[in-house]
Number of protein chains: 2
Amino acid sequence: MSDVSIIGIGQTKVQESWDTSLRHLAWYAIEEALDDAHTNQIDAIYVGNMMAGQLSHQSHLGALVADFAGLRGAEAMTIEAADASGGAAMRQAVLAVQSGLVKTALVVGVEKMTDQTGNLVTSAMSTGLDADYEAVHGLTNTGVGALLMRRYMHQYGVGVADFAGFSVNAHANGADNPLAMFRNRLKAERFAAAPLVADPVNLFDMAPGGDGSAAVIVTRNERAMDMVPRPVRIAGSAIATDTLALHDRENLLWLKAAETSVQRALAAAGLTADDIDLFELHDSFTVMAALSLEAAGFAAKGEGWQLARDGQIHRDGRIPISTFGGLKARGNPGGATGVYQIVEVARQLRGSAGDCQIEGAKIGMAQNVGSNGASAVTHILRVNE
Amino acid sequence: MSDVSIIGIGQTKVQESWDTSLRHLAWYAIEEALDDAHTNQIDAIYVGNMMAGQLSHQSHLGALVADFAGLRGAEAMTIEAADASGGAAMRQAVLAVQSGLVKTALVVGVEKMTDQTGNLVTSAMSTGLDADYEAVHGLTNTGVGALLMRRYMHQYGVGVADFAGFSVNAHANGADNPLAMFRNRLKAERFAAAPLVADPVNLFDMAPGGDGSAAVIVTRNERAMDMVPRPVRIAGSAIATDTLALHDRENLLWLKAAETSVQRALAAAGLTADDIDLFELHDSFTVMAALSLEAAGFAAKGEGWQLARDGQIHRDGRIPISTFGGLKARGNPGGATGVYQIVEVARQLRGSAGDCQIEGAKIGMAQNVGSNGASAVTHILRVNE
């Protein structure tokens, strides 16, 4: 178990924020987290972001955020691991505080991706894939989702409709989250009839990009206990990688990096998968949710989809997922998503999840996945008792 | 003093490497560092890079490098702080190893920027500036160099020729470094007569972009002592930030972030500026070298240029700088530069600097600066005795 605890959290609604600059977007989440932690003493800032250099002509977000948030002088930098940037930034904050060389660290995930045309965003997102061997041939993130889903359907003998439960669950939870991008409930029959984006991935299968920002403040546990009433402990934290190119995988349907990072995080926390009360996973596509459940040990190979069919992923199920709507309904603001996941798990463990609350949640896991699964970051949080 | 030591270093020649892919470029430095450390057990990889997403359509370099270097599965991510990305990546490796949660970390700085047209590179470099308030008006990194130099000349009453000593020294040292981009010696009279790039910055005043990669492997000091004959200790390590926009500075001619990061690093190391035997500074422009010397405490305000005039920056001078040619002659491969600086200081302290050797060097400092000085990373290395 690490000696690091969360003392502050903040997040913006995921939406199209054309009138909000990147720095303002980051600030809104930071302001909330600073207020929540009752501090403005921040020693280091880790910004999770993937695409600002390409979409907003702005890199160097560490200095930008430190300056604009009134934290000028603080140590600051950007952490990037494609869609797993937010989770990776969280990991760096944990290492920094654990080292004893940084007292209080702020993690902020921020991404602004809706005020550019679709091609630019698709192209920027695709830089997370293997540029020289896959993206160069036109493969996109959505294309990867389609390839994996098709293969899953072929290998395990399931149909498109069998994935519906993931999106239905995500929208049901998102409906209760005022900060979610989509709050409409979704019927299973609408899922199967949705227009195709990249066969067999349809419009209700894939998570929408959005603009958003989420922030987390961490410090050493003994300080945290003095500072706030309900610090949430980082029990385990791990990152693992896999082949960047999909064609190099031994098994296309096995998220090796996800499995490895879960095992490392569980070992660090001294826990097993059975101890986890909720799981914020990376449901960028329904097939990714199924694969994450399998890699994390909640389902056997090829059976992750059954947890959706059987309602085991619902709030009152065996392993609740996407409890605030997940990437699918809360929205997927690229490099910020991993920080949203941490904020959401922390809210569940604080008992401040509002209508999205999982009753009695004590231990939660968040998993942020980069592009096709080449990076995976897993954090295990627990109530500090 | 940190408990972290360097056990392996590697670097490629800085040059135009049009026939070398980004992953190969990274690998060549990594291979050398792994061989040097006699290990292939790497737990975490920190990639310093600024522009691959924009110039090579490739982000997610952590997974790319881990995969291609035969280190699949390792924790990995990209660290970005504009031109200070390499130094920031080094800092993260120090924190990771110091935390005890990462045993051995690899830092690799890599940048490929010569096989794109000039406008694209200038635009990518400029994302390190304030996009909304300065770069949007056409300000570039070279423009910043020109503004700062003009202001320095005005305020301190010096002329263009007074900066010549920095470039003459850099080229003299680069001439002895087989891995330098430019190995020609430069005469002071040629400097003053060089064609202008952005008045008053001329062709021999600014550092050239290049393709390159450098790598450093670190582990805890007690392990390092068992593993290699001459581990180099990270005595101090710090990052600081300043306003991102130049127009927000209280004093345009004071690199506040550089000053702060030097003070933090010296305090951590328990040293003063007088203890430093050599200083690899960020001489992207001659005025930046002068300002860095002043911010670091080696010269009074407005007198940094005199250290060049008086030869105090030469290899046998009071405070040798750019001992392998610096950014000016070794070349400036963007996000990789900060790792080159660490490799070069380590070589000096190992006594393996060849013709560039500073005799009897025991303590060296490296400072990597992001864009206009909004980020500064300082590392102090010392012989492990």
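To be clear, the structure that these remarks concern was listed above.
Residues numbered from 1 in each chain as written. Chains lettered and ligands numbered in written order. Predicted model: local features only at pLDDT ≥ 70, side-chain atom pairs only at ≥ 80, totals over all residues.

Participant: Could you give me a rundown of the pairing of strand β4 (residues 104-111) of chain B, with the residues and numbers involved?
Facilitator: Residues and elements named next belong to chain B. When you tally the buried positions in β4, you get eight out of eight residues, the bulk of the element. As judged from the five bridges shared by strand β2 (residues 44-48) and β4, these two strands associate in the parallel manner. Bridging across to β4, Val47 finds its partner in Val108. When β4 meets strand β7 (residues 212-220), the two strands line up antiparallel, connected through eight bridges. For Val110, the partnering residue across the bridge sits in β7 and is Ser213. (Buried ≥ 20, exposed ≤ 12 C-beta atoms within 10 Å, placed from the backbone. Helix = DSSP H or I, 4+ residues; strand = E, 2+ residues; numbered from the N terminus. Pairing = 2+ DSSP bridges.)

Participant: Tell me about helix α4 (residues 85-99) of chain B, and please be specific about residues and values.
Facilitator: Residues and elements named next belong to chain B. Compared with an ideal rise of 1.5 Å per residue, which puts 15 residues at 21 Å, α4 spans 21 Å between its outermost C-alpha atoms and is within 8% of the ideal. When you tally the buried positions in α4, you get 15 out of 15 residues, the bulk of the element. Backbone geometry just after α4 places Gly100 at a positive phi near 85°. (Expected span 1.5 Å × (residues − 1).)

Participant: Help me get a handle on the environment of His38(A), residues and values and all.
Facilitator: Residue and element names in this part refer to chain A. Relative to the assigned elements, His38 resides in the loop between α1 (22-37) and β2 (44-48). For His38, a count of 10 C-beta atoms within 10 Å gives the class exposed. Between the C-alpha atoms of His38 and Asp205, which are 167 residues apart in sequence, the distance is 40 Å. Apart from residues lying up to four places away in sequence, His38 is in contact with Met227 and Val228. (Contact = placed C-beta atoms within 7 Å.)

Participant: Residues and numbers for the interface of chain A and chain B, please.
Facilitator: Note: interface size is frequently given as the accessible area lost on complex formation between the parts. Of the residues lining the interface, 49 residues belong to chain A; the matching set on chain B comes to 49 residues. Elements with a contribution of two residues or more to the side of chain A that touches chain B: α2 (52-55), α3 (61-68), β3 (75-80), α4 (85-99) and β8 (232-241) of chain A. Among the residues making up the side of chain A that touches chain B, the classes are represented as 21 nonpolar, 22 polar and six charged. Bridge count for β3(A) against strand β3 (residues 75-80) of chain B is three bridges, and the pairing is antiparallel. Bridge pairing links Ile79(A) to Ile79(B) in β3(B). (Nonpolar A, V, L, I, M, F, W, Y, C, P; charged D, E, K, R; others polar.)

Participant: Provide a residue-level description of helix α7 (residues 164-174) of chain A, including the pertinent values.
Facilitator: Residues and elements named next belong to chain A. Within α7, 10 of the 11 residues are buried, leaving the element largely enclosed by the surrounding structure. Listing the buried residues of α7 in full gives Ala164, Gly165, Phe166, Ser167, Val168, Asn169, Ala170, His171, Asn173 and Gly174. Against the buried residues of α7 lie α8 (188-192), α11 (286-295), α12 (304-309) and α13 (326-329).

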